[in-house]
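# Breakdown of the fold
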Amino acid sequence: VTARRCTSCSGQSLEPDFLEDSSRNSTGYIRWIQGPLQKGLFGGARRWGRPRWDVEALRCATCGHVELYST
Ligand SMILES: [Zn+2]
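Residues numbered from 1 in each chain as written. Predicted model: local features only at pLDDT ≥ 70, side-chain atom pairs only at ≥ 80, totals over all residues. Heavy atoms only, no water.

In this section: the packing of aromatic side chains. Counted by the stated rule, this structure contains one aromatic pair. Here the guanidinium or amino end of R4 rests over the ring plane of Y69, the centre of that ring lying 3.8 Å away. (Phe/Tyr/Trp six-rings, centres within 6.5 Å; stacked < 30°, edge-to-face > 60°. Lys NZ or Arg CZ within 6 Å of the ring centre and 35° of its normal.)

Working reference: metal with six octahedral donors, ideal angles 90 or 180 degrees; metal with four tetrahedral donors, ideal angle 109.5 degrees. Each protein donor to the zinc ion is listed here as C6 (SG), C9 (SG), C60 (SG) and C63 (SG); together their distances run 2.3 to 2.4 Å. Relative to the metal, the four donor atoms surrounding the zinc ion lie at angles of 107 to 113°, and the coordination shape comes out tetrahedral. On the primary sequence, the residues serving as donors to the zinc ion are separated as C-x2-C-x50-C-x2-C. Residue C9 is located in the segment before β1 (14-17), and its partner C63 is located in the loop between β3 (52-60) and β4 (66-70); the two are separated by 54 residues in the primary sequence. Classification of C63 by relative accessible area gives partly exposed; the value is 39%. (Donors = N, O, S within 2.8 Å, 3.2 Å for Na, K, Ca; no water. Tetrahedral: all angles 85-135°; square planar, octahedral: opposite > 155°, others 65-115°. Helix = DSSP H or I, 4+ residues; strand = E, 2+ residues; numbered from the N terminus. Buried < 20%, exposed > 50% of the residue type's maximum accessible area, 1.4 Å probe, protein only.)

Together, L19, I30, V66 and L68 make up an exposed nonpolar region whose accessible area comes to about 300 Å². What makes V66 partly exposed here is its relative accessible area of 40%. (Patch = residues over 30% accessible without salt bridge, like charges linked within 9 Å, V, L, I, M, F, W, Y side chains within 5 Å. Areas by Shrake-Rupley, 256 points an atom, 1.4 Å probe, with all protein chains shown as cover. Salt bridge = Lys/Arg side-chain N within 4 Å of Asp/Glu carboxyl O.)

Turning our eyes to something else, we now look at the pairing of β3. Taken together, the four bridges between β1 and β3 define a ladder with antiparallel strand orientation. By the bridge assignment for β3, E15 is matched with R59. Sheet analysis places strand β2 (residues 31-33) next to β3, joined by three bridges and oriented antiparallel. Residue R31 lies in a different strand from β3, and its bridge partner there is D54. Bridge analysis of β3 against β4 gives five bridges, and the strand direction is antiparallel. When the bridges of β4 are listed, V55 appears paired with S70. (Pairing = 2+ DSSP bridges.)

On to the pattern of salt bridges. Counting across every chain of the model gives two salt bridges. Salt-bridge contacts for R4 lead to E56; the nearest nitrogen and oxygen are separated by 3.4 Å. Of the two residues, R4 sits in the segment before β1 while E56 sits in strand β3, which places them 52 residues apart along the sequence. When its relative accessible area of 21% is taken as the criterion, E56 is described as partly exposed. Between E15 and R59 there is a salt bridge, and its shortest N-O distance comes to 3.7 Å. Residue E15 is found in strand β1, and its partner R59 is found in strand β3; the two are separated by 44 residues along the sequence. You can call R59 partly exposed: its relative accessible area is 35%.

Structure, rendered in structure tokens:
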């Protein structure tokens, strides 16, 4: 793991986590999708054909700040 620092307090104790998506029929985790949010006819996000990445959340053990990275 590369050494990352908290952008809030410069702490180095970043814990790897992820953000849960607990909605029904979901994969269980949040993903990053390229481009601005566009909503479809039924209020859901339009995401067909968009590049998508898993999102890694790093939590600072010192101050609680959460950094998000697409992986
Ligand atoms: Zn911090």
